[in-house]
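Each chain is listed here by its residues.
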Amino acid sequence: MFKQQNHSNSNDLNKPPSLEKNSKDSSLGSGAAWMRGKIVPISEASIPVNDWGLVRSDITYDVVPVINGGFFRLSDYIERFYVSMDGLKLDPRLGENGIETALLEMVGASGLRNSYVTMVCSRGIPTVPGSRDPRECENYFYAWCVPYIHVIKPEVIARGASALISDSVKRIDESSFDPTIKNYHWGDFTRGLYEAKEQNYDTVFLVDHKDCVTEGPGFNIFVVKDGKLMTPIKGVLHGITRRTVLEIAESLNIETEIRKITKQEVLDADEVFVSTSAGGVMPLVRVNSTIFSNNKPGHISKKIRKKYWEWTELSCYRTLINYSD
Ligand SMILES: *Cc1c(COP(=O)(O)O)cnc(C)c1O
């Protein structure tokens, strides 16, 4: 049956095309994984039940997008992944090129032209049975890829996405876990998502213990006020998309500021958007009961969103993939 494309999104709101057939029919087309040097269908990839990544959340990861057959800013993502691993004293036991080679081979074999690509390093299993010493674990690197994911679906962005700033759930304090290390400690985000979804919001923003806004489940937060673009300085992952947005703003002569942003400042903003490798730049139209720019994505948000998709096509940021199909 003919499925109608959404023509209201000619403004690049719907990239990369979510309805595109990503790959030839193959066992890897719905996702592939790189496990100890072998590429397998994602449904066959698994880690041991007693891996500390699972039983201790002792694990870090990174996610890099593939857009139209090329990685975007791959070296920046791999560099951040190394910073995360160093922060947790994890060793992937592969050279830097080893990771890049694994990702290129895996996505090439999957056939996916638009993909959400994850690299992971977990603490692994102690080499001395029963040991409680993290130094005695054999760390484990693996990777997987699936068709591109939007953390807020394009049709939700098109109808106007909303976020709740949670009152009851605070972001894990950075004295307990360093938020600049990409991590799976999602207890706070998951609780926040339940609170938001039960009140019919699309997503959640968390504040820190001083009521400053931090980030949401897998994305950074930006506000626009009087033409100036601002994003929180503390309590956040240094998103590669966040960095790209700041660089785009600079190229457009939009003034930027990285600083503390209170909950009230978000509610008083002219525009609000979020940034992530899984969806790019995503404008919101409502936070709590406050509606922005007449219930439509704001002018500056739209401009930056469009530029983001343009930048993903710039050859200086792209690492092309050799597909086998
Ligand atoms: C991944 C992530 C982001 C966004 O980072 P990008 O590099 O832009 O994808 C923001 N916050 C958290 C908690 C994340 O896990």
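Residues numbered from 1 in each chain as written. Predicted model: local features only at pLDDT ≥ 70, side-chain atom pairs only at ≥ 80, totals over all residues. Heavy atoms only, no water.

Quick notes on the pairing of strand β5 (residues 115-126)
Walk down a regular strand and you will see the side chains alternate between the two sheet faces. To keep it simple, the criterion reads: Accessibility here uses a 1.4 Å probe with only protein chains present; expressed as a share of the type maximum, an area under 20% marks a residue as buried, one over 50% as exposed, and anything in between as partly exposed. The way it works is that DSSP assigns letters per residue, a run of H or I at least four long becomes a helix, a run of E at least two long becomes a strand, and they are numbered from the N terminus. Between any two strands, pairing holds if DSSP finds at least two bridges.
Of all 12 residues in β5, 11 are buried, a share of seventy percent or more. Where strand β3 (residues 59-67) and β5 come together, 8 bridges link them in antiparallel fashion. Bridge pairing in β5 links Val64 to Val117. Pairing of β5 with strand β6 (residues 137-147), which is carried by 10 bridges, proceeds in the antiparallel orientation. Considered in β6, the bridge of Met119 is made with Ala143.

Looking at the site of the ligand
The condition that has to hold: Any residue with a heavy atom positioned within 4 Å of a molecule or strand is treated as near that molecule or strand. N or O atoms within 3.5 Å of each other form a polar contact, as long as, within protein, one can give a hydrogen and the other can take it, and as long as residues adjacent in sequence are counted only when both atoms are side-chain atoms. Accessibility throughout is a Shrake-Rupley quantity obtained with a 1.4 Å probe, and a residue counts as covered only by protein chains that appear here. Residues were grouped as follows: Ala, Val, Leu, Ile, Met, Phe, Trp, Tyr, Cys and Pro as nonpolar; Asp, Glu, Lys and Arg as charged; and all remaining residues, including Gly, as polar. What counts as a domain boundary in this text is fixed by an automatic or database domain assignment.
Around the ligand lies a shell of 15 residues, among which Lys182, Glu215, Ile240, Thr241 and Ser277 are the nearest. Between the ligand and Lys182, the relevant distance is 2.8 Å, taken from an oxygen atom to a side-chain nitrogen or oxygen of the residue. Between a nitrogen atom of the ligand and a side-chain N or O atom of Glu215, the distance comes to 2.8 Å. Protein contact buries 96% of the 380 Å² of open area that the ligand shows by itself. Of all elements in the fold, only α2 (74-87), β10 (219-225) and α6 (240-251) reach the threshold of two or more residues within the shell around the ligand. Its residues assigned to classes, the shell around the ligand comprises 6 nonpolar, 6 polar and 3 charged. Looking at which domains feed residues into the shell around the ligand, each of domain 1 (32-147) and domain 2 (154-311) supplies at least three.

As for the pattern of salt bridges
Rules: In the sections that follow, a salt bridge refers to a side-chain nitrogen of Lys or Arg positioned within 4 Å of a carboxyl oxygen of Asp or Glu.
A full pass over the atoms with the stated rule returns 22 salt bridges. Here Arg159 and Asp202 are joined by a salt bridge, their closest N and O atoms 3.1 Å apart. Taken together, the residues Arg159 in helix α4 (residues 154-159) and Asp202 in the loop between α5 (187-198) and β8 (203-207) connect sequence positions 43 residues apart. Between Glu265 and Arg259 there is a salt bridge, and its shortest N-O distance comes to 3.0 Å. Residue class for Glu265 comes out partly exposed when judged on its relative accessible area of 30%. The class of Arg259 is partly exposed, set by a relative accessible area of 23%. Sharing partners across several salt bridges, the network here consists of Lys228, Glu255, Glu257, Arg259 and Glu265.

Focus on the nonpolar core
Convention followed: We call a set of buried Ala, Val, Leu, Ile, Met, Phe, Trp, Tyr and Cys residues a nonpolar core when their side-chain atoms join them within 4.5 Å. The contact definition used throughout considers only heavy atoms, calling two residues in contact when any of these lie within 4.5 Å.
Counting 31 residues, the largest nonpolar core has Phe71, Ile99, Leu103, Met106, Val107, Val117 and Met119 as its most contacted members. Listing elements by their share of this core, those giving two or more residues are β1 (32-35), β3, α2, α3 (96-110), β5 and β6. No other element matches the 6 residues that α2 contributes to this core. Both domains that furnish three or more residues to this core are identified here as domain 1 (32-147) and domain 2 (154-311). In this structure, Val107 is in contact with Val66, Phe71, Leu112, Val117, Cys145, Ile321 and Tyr323, ignoring residues within four places of it in sequence. Counting residues in hydrophobic clusters, the runner-up holds 23 residues, among them Val207, Val213, Met230 and Val266.

Quick word on helix α8 (residues 299-311)
Note the cut-off: In a helix, the anticipated span is given by 1.5 Å times the number of residues less one. As used here, the arc belongs to the directions running from the helix axis to the C-beta atoms.
With 13 residues, α8 extends 19 Å between its outermost C-alpha atoms, agreeing within 8% with the 18 Å of an ideal straight helix rising 1.5 Å per residue. All of the buried residues along α8 are Ile300, Ser301, Ile304, Arg305, Tyr308, Trp309 and Trp311. All buried residues of α8 lie within an arc of 165° about the axis, which places them on one face of the element.

A word on the domain arrangement of the protein
Condition: The term buried area refers to how much accessible surface (probe radius 1.4 Å) is lost by two components on association, counted for both of them together.
Taken domain by domain, the protein consists of domain 1 (32-147) and domain 2 (154-311). Put simply, the middle of domain 1 and the middle of domain 2, counted by C-alpha atoms, are 27 Å apart. Listed per partner, the contact involves 19 residues of domain 1 and 21 residues of domain 2. Summing both partners gives a buried area of about 1,700 Å² for domain 1 against domain 2, and 61% of it is carried by carbon and sulfur.

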